[in-house]
Amino acid sequence: MPVEEEYELIIVGAGVAGVFTGYFATEKKFKTLLLEKDRSPDGATPRSGGVVTRMMDNPLDSELAAESIEIIRGFLRSDSEIINDGYISIEDEDDAERDLEKFKELIPDIEIMDAAEVMSRWSYIKLYHDEVGLYSPSDLTLNPFKLLKYMWNRLMDRGVDLQPGKRVTRLIIKENRVRGVETHEGDRYYSDKVVLASGPWNREILKSHGIDLNVWLIGVPIFKFEVDRTKMVGVWDENIYSYWRPENSHWIGGVYDSFPIEKADDGFRKPDDEAVKRILEGFRYRFKFSQWRLIDSWSGPISISHDYKPICREIDEVRGLYIIDGLGGRGLMRGPALAKKLIERIIS
Ligand SMILES: Cc1cc2nc3c(=O)[nH]c(=O)nc-3n(C[C@H](O)[C@H](O)[C@H](O)COP(=O)(O)OP(=O)(O)OC[C@H]3O[C@@H](n4cnc5c(N)ncnc54)[C@H](O)[C@@H]3O)c2cc1C
């Protein structure tokens with residue numbers, strides 16, 4: 001028998017955007033349903049790099065990252081099972097001086113370390129020419145799969161009806177107002193407030209209702225190395241555009257690389273030989289572990305808006321239908337803060 005039930009808020013998708021929206025909804029005491037098409041966390045979030053830094057080009061992103069760090073630390077403090085403290089950006093000296101000025105208000109503990117200091121503290125990092133490290137002890141990297149698992153459990157404790165394995169196939173819309181959603185099993189859940197937090201799948205859902213979302217989709221490769229170290233620090237490499245997160249004796253990261261995709265499901269393919277070649281070059285250029293080997297690689301789909309800004313608003317054509325999208329390669333930094341803003345917007 002198909003289910004029919006009523007909620008105050010329905011969220012579609014339990015990646016970073018969905019779970020944090022769910023959390024802030026419980027703070028406002030909404031009776032909330034969170035539907036996720038897969039049995040355990042899937043999508044871009046659990047496949048991502050796990051970097052959460054305020055050292056971003058765009059001031060809006062730095063502010064969102066600052067708020068997201070506050071939110072994440074509010075839950076996890078320095079839980080070493082999930083969080084690794086500290087992040088260092090390798091930059092040319094002039095860029096680092098400029099960035100220090102730019103970030104010092106937002107990141108009070110930020111400091112420049114010269115090459116000798118960086119290499120004596122983290123001897124597996126190589127610096128060249130006039131490179132230095134811009135170091136923030138309070139930025140972080142995290143295990144995104146464990147973060148989602150933690151949030152899923154926390155949401156259930158707080159009374160969110162979290163239903164994995166339920167794919168939303170249709171929105172119920174009447175007279176330009178959302179009324180609920182229907183799943184692949186024919187279950188119908190009713191609410192006059194629905195949040196689409198399905199990441200790169202949002203576009204397909206909206207398209208099936210004749211609504212265009214101006215985003216493009218890409219697949220992003222990422223790699224896992226086994227190395228002879230533990231207690232490492234997350235690294236951003238401004239000069240060859242790569243990012244790295246430590247996890248016990250593993251080093252997970254990528255160079256900024258992508259392939260175009262038509263739909264989200266195409267974003268999961270294994271990185272090709274060219275992508276492997278690029279990451280190995282980047283790895284050898286920047287690091288000098290005495291023992292290391294590439295042990296795994298995967299890709300994940302992300303969606304990017306035409307102006308690179310995140311999308312967090314009500315859909316013009318349908319009252320009560322909200323969306324978080326366009327998180328690009330920055331969803332862990334943007335998502336928690338945007339989820340909070342969206343719930344505040346819904347309330348107001
Ligand atoms: C390789 C890689 C590295 C990255 N590194 C970083 C990084 O270091 N730092 C950072 O901040 N960001 C990073 N990102 C970007 C970040 O992962 C994304 O921006 C973010 O995860 C997007 O979150 P989301 O919740 O919008 O989407 P997703 O995480 O994709 O979640 C969407 C969820 O919706 C579900 N869903 C889809 N359709 C339906 C449906 N019809 N019904 C029900 N459920 C549905 C999916 O199964 C999925 O779980 C990286 C991304 C990739 C791919």
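To start, this report covers the structure provided alongside it.

Parameters and conventions
- Residues numbered from 1 in each chain as written.
- Predicted model: local features only at pLDDT ≥ 70, side-chain atom pairs only at ≥ 80, totals over all residues.
- Helix = DSSP H or I, 4+ residues; strand = E, 2+ residues; numbered from the N terminus.
- Rg over C-alpha atoms; globule rule 2.2 N^0.38 Å.
- Buried ≥ 20, exposed ≤ 12 C-beta atoms within 10 Å, placed from the backbone.
- Contact = placed C-beta atoms within 7 Å.
- Pairing = 2+ DSSP bridges.
- Axes fitted to C-alpha atoms, helices over the stretch in contact; angles between N-to-C directions.
- Expected span 1.5 Å × (residues − 1).
- Core = buried A, V, L, I, M, F, W, Y, C linked by C-beta atoms within 7 Å.
- Near = placed C-beta within 6 Å.
- Nonpolar A, V, L, I, M, F, W, Y, C, P; charged D, E, K, R; others polar.
- Left-handed = near helix turned anticlockwise from the far one by under 90°.

1. What to know about the overall build of the protein chain
Then, in step 1: Regarding its fold elements, the protein chain presents eight helices and 20 strands.
Then, in step 2: Relative to the compact-globule value of 20 Å for 348 residues, the protein chain shows a C-alpha radius of gyration of 21 Å, a close match.
Then, in step 3: By principal-axis analysis of the C-alpha atoms, the protein chain measures approximately 65 × 45 × 35 Å.
Then, in step 4: The burial tally for the protein chain puts 48% of its 348 residues in the buried class.
Then, in step 5: In the protein chain, the proportion of contacts linking residues at least 24 apart, taken out of those at least 6 apart, comes to 73%.

2. Structural notes on the sheet that holds strand β11 (residues 188-190)
Then, in step 1: In space, the four strands of this open sheet follow the order β1-β11-β10-β9, with mixed pairing throughout. Each edge of the sheet is formed by a strand with only one pairing partner; in this case those strands are β1 (4-6) and β9 (168-174). Sheet twist, expressed as the mean angle between neighbouring strand axes with direction ignored, is 25 degrees.
Then, in step 2: Of the pairings in the sheet, the one linking strand β10 (residues 177-183) to β11 comprises three bridges and is antiparallel in character. Its bridge partner lying in β11, Gly180 is registered against Tyr190.

3. A look at helix α1 (residues 16-27)
Then, in step 1: With 12 residues, α1 should reach 16 Å at 1.5 Å per residue; the first-to-last C-alpha distance of 17 Å fits that figure.
Then, in step 2: Summarising burial for α1: 10 of the 12 residues are buried, a large majority.
Then, in step 3: Of all the positions in α1, only Val16, Ala17, Gly18, Val19, Phe20, Thr21, Gly22, Tyr23, Phe24 and Ala25 are classed as buried.
Then, in step 4: In this fold, the buried residues of α1 make contact with β2 (9-12), β3 (32-36), α5 (144-157), β12 (194-196), β20 (321-325) and α8 (331-347).

4. Examining the nonpolar core
A general tendency of soluble globular proteins is for nonpolar side chains to be buried together.
Then, in step 1: With 99 residues, the main nonpolar core has Ile10, Val12, Val19, Val52, Val194, Val195 and Ile324 as its most contacted residues.
Then, in step 2: Leave out the neighbours within four places in its chain, and Val12 touches Leu35, Val168, Val181, Val194, Val195, Leu196, Ala197 and Ser198.

5. Remarks on the site of the ligand
Then, in step 1: Taken together, 41 residues form the shell around the ligand, and within it Gly13, Gly15, Gly43, Gly199 and Gly331 come nearest.
Then, in step 2: Every element with two or more residues in the shell around the ligand is listed here: α1, β3, β13 (215-227), β18 (292-305) and α8.
Then, in step 3: Per element, the largest residue contribution to the shell around the ligand is four residues, and it comes from α8.
Then, in step 4: Residue composition of the shell around the ligand, grouped by class: 19 nonpolar, 15 polar and seven charged.

6. Examining the pairing of strand β7 (residues 131-142)
Then, in step 1: Extensive coverage of β7 is indicated by the burial of 10 of its 12 residues.
Then, in step 2: For strand β5 (residues 83-92) and β7, the ladder comprises nine bridges, and the chain directions are antiparallel. Looking at the pairing, Ser89 lines up with Leu134 of β7.
Then, in step 3: Bridging between strand β6 (residues 111-113) and β7 involves three bridges; their strand directions are antiparallel. Paired with Met113 across the bridge in β7 is Gly133.

7. Quick word on the packing of α1 against α8
When two helices pack together, their arrangement is given by the angle between the helix axes and by the axis-to-axis distance.
Then, in step 1: For the pair α1 and α8, interaxial distance at closest approach is 8 Å and the crossing angle is 35 degrees. Of the two elements, α1 crosses α8, and the hand of that crossing is right-handed. Of the residues in α8, those in contact with Val16, Ala17, Phe20, Thr21, Phe24 and Ala25 of α1 are Gly331, Leu332, Gly335, Pro336, Leu338, Ala339, Lys340, Leu342 and Ile343.
Then, in step 2: When the residues that make up the contact of α1 with α8 are grouped by side-chain class, the tally is 11 nonpolar, three polar and one charged.

8. Focus: the sheet that holds strand β8 (residues 161-164)
Then, in step 1: One open sheet accounts for six strands, arranged β8-β3-β2-β12-β20-β19; its pairing is mixed. A single partner strand is all that each edge strand has here, and the edge strands are β8 and β19 (311-314). Taking each pair of neighbouring strands and ignoring which way they run, the sheet shows an average axis angle of 15 degrees.
Then, in step 2: Bridging between β19 and β20 involves four bridges; their strand directions are antiparallel.

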